[in-house]
Amino acid sequence: MAREAFLNWTDEEICGQLLCCDISGCDDFESTVKKLRRIRPGGIYVANMPKEKIAAYAAVVNGISKVPVIVAADMENGPGSDFSGYEMLPHAMAWGACRDESLIERAGRAVAHECRRMGIHWTFSPVCDLSLNPASPVANVRCISDDAALTAKLAAAYIRGLQTGGMVACCKHFPGDGADSRNQHFVTSVNSLSAETWMASYGKIYRAAMDADVASVMAGHIALPAYQKNIDEFYGPLPAVLSEELKIGLLKKKFGFKGCVISDAMSMIGSCSRCRPEKLAAEFIRTGGDMVLFPDDEDFERLLNALQSGVLPRERA
């Protein structure tokens, strides 16, 4: 949507659009509806929820918002990833084993078709990491391969399949997991490749994803010191979620990405250990992010305060 379309929006409406609220574990329908009416979020995240309930929640937001809410889920392995009773795809490692580009594209279209029937528009997949470190606790079978060229080709095929099928794809976890042996859920992990090696590997994958017109990228709780000058002598480089150098300098300026940059889950210690919790959402947006994934209940008011106090520049919101 063109920025001019937001000129007549209230600050509350703008801040709501910056949030993708997780409602998957919400059993109390009335309290969840009350929260959605207060925030009017740009996105809602759902998992293991009947499609009738997804439609009911979406209808609540759509009834009070100026734009339709986008419904998101994590379909790394197809609808069965997060919804019981639906088919699962094999892990991405199997994609790399089969090496069949047309098959992976067909799988993307099939996932999109089934998800749209469920009322879901956006999936946080494919995983565009590389299985470079066998000690990585999070990459492993979620990665297509340790081969950047193969990963780039198959990830792009899946993106094409999803998006021609009417679904929004999201490549993750920028700037790339799988090089470290640490887990970004518990600590800021580091992609330690040189700038040249990163560009020839992870960079190649993100170029291919953008050539496939991927609509969104997920910033990870991962640092890339080869492209960062802002490095604290004690704590080290910032994760991408909090790094202007990575989200704006590398992803948006160097790569020219024009789509949506969403955070990985904000509860992960890889970022929340580096920033006061009450400032985390605003810092993500201020440094180049576009939508906060799994915000705290107070993050709407925090963003609103940051915007109205000037901490969050209006050109970023």
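Definitions and cut-offs
Residues numbered from 1 in each chain as written. Predicted model: local features only at pLDDT ≥ 70, side-chain atom pairs only at ≥ 80, totals over all residues. Heavy atoms only, no water. Helix = DSSP H or I, 4+ residues; strand = E, 2+ residues; numbered from the N terminus. Phe/Tyr/Trp six-rings, centres within 6.5 Å; stacked < 30°, edge-to-face > 60°. Buried < 20%, exposed > 50% of the residue type's maximum accessible area, 1.4 Å probe, protein only. Pairing = 2+ DSSP bridges. Disulfide = S-S within 2.5 Å.

Undergrad: Looking at this structure, how should I read unusual backbone geometry?
TA: The phi angle of most residues is negative, glycine excepted, and most peptide bonds adopt the trans form. A cis geometry characterises the amide bond from Lys172 onward to His173, with omega recorded as 10°. Following the sequence through the fold, His173 ends up in strand E5 (residues 170–174). A cis amide bond links Phe174 to the next residue, Pro175, at an omega of 10°. Examined against the element boundaries, Pro175 turns out to sit in the loop between E5 and strand E6 (189–190). Although it is not a glycine, Asn140 adopts a positive phi angle of roughly 45°. Residue position: Asn140 is located in the loop between strand E4 (122–123) and helix H6 (148–164).

Undergrad: Sorry, what's going on with the packing of aromatic side chains here?
TA: Given two aromatic rings, one states the distance between the centres and the angle between the planes to describe the pair. Enumeration over the complete set of coordinates arrives at 11 aromatic pairs. Judged by centre distance (6.0 Å) and plane angle (0°), the rings of Tyr45 and Phe124 are stacked. Remark: Phe124 occurs in the loop between E4 and H6 and Tyr45 occurs in strand E2 (residues 43–45); sequence separation between them is 79 residues. You can call Phe124 buried: its relative accessible area is 1%. Ring geometry for Phe83 and Tyr86: centres 6.4 Å apart, planes at 85°, overall edge-to-face. Of the residues examined, Phe83 reaches a relative accessible area of 2% and is grouped as buried.

Undergrad: Is there a simple way to explain the sheet that holds strand E1 (residues 19–22) in this structure?
TA: Strand pairing within a sheet occurs via backbone hydrogen bonds; the two strands may be parallel or antiparallel. Within the open sheet, the five strands sit side by side as E4-E3-E2-E1-E12. Their pairing is parallel. Looking at which strands have only one partner, the edges of the open sheet turn out to be E4 and strand E12 (292–293).

Undergrad: Teacher, can you tell me more about the state of the cysteines here?
TA: One pass over the structure, following the stated rule, counts zero disulfides. Between Cys21, a cysteine without a disulfide, and Cys20, which holds the nearest cysteine sulfur, the sulfur-to-sulfur distance is 7.1 Å. Here Cys21 falls in the buried class, since its relative accessible area comes to 2%. Cys143 provides the cysteine sulfur closest to Cys98, a residue in no disulfide bond, and the two sulfurs are 16 Å apart. Overall, Cys98 belongs to the partly exposed group, its relative accessible area being 36%.

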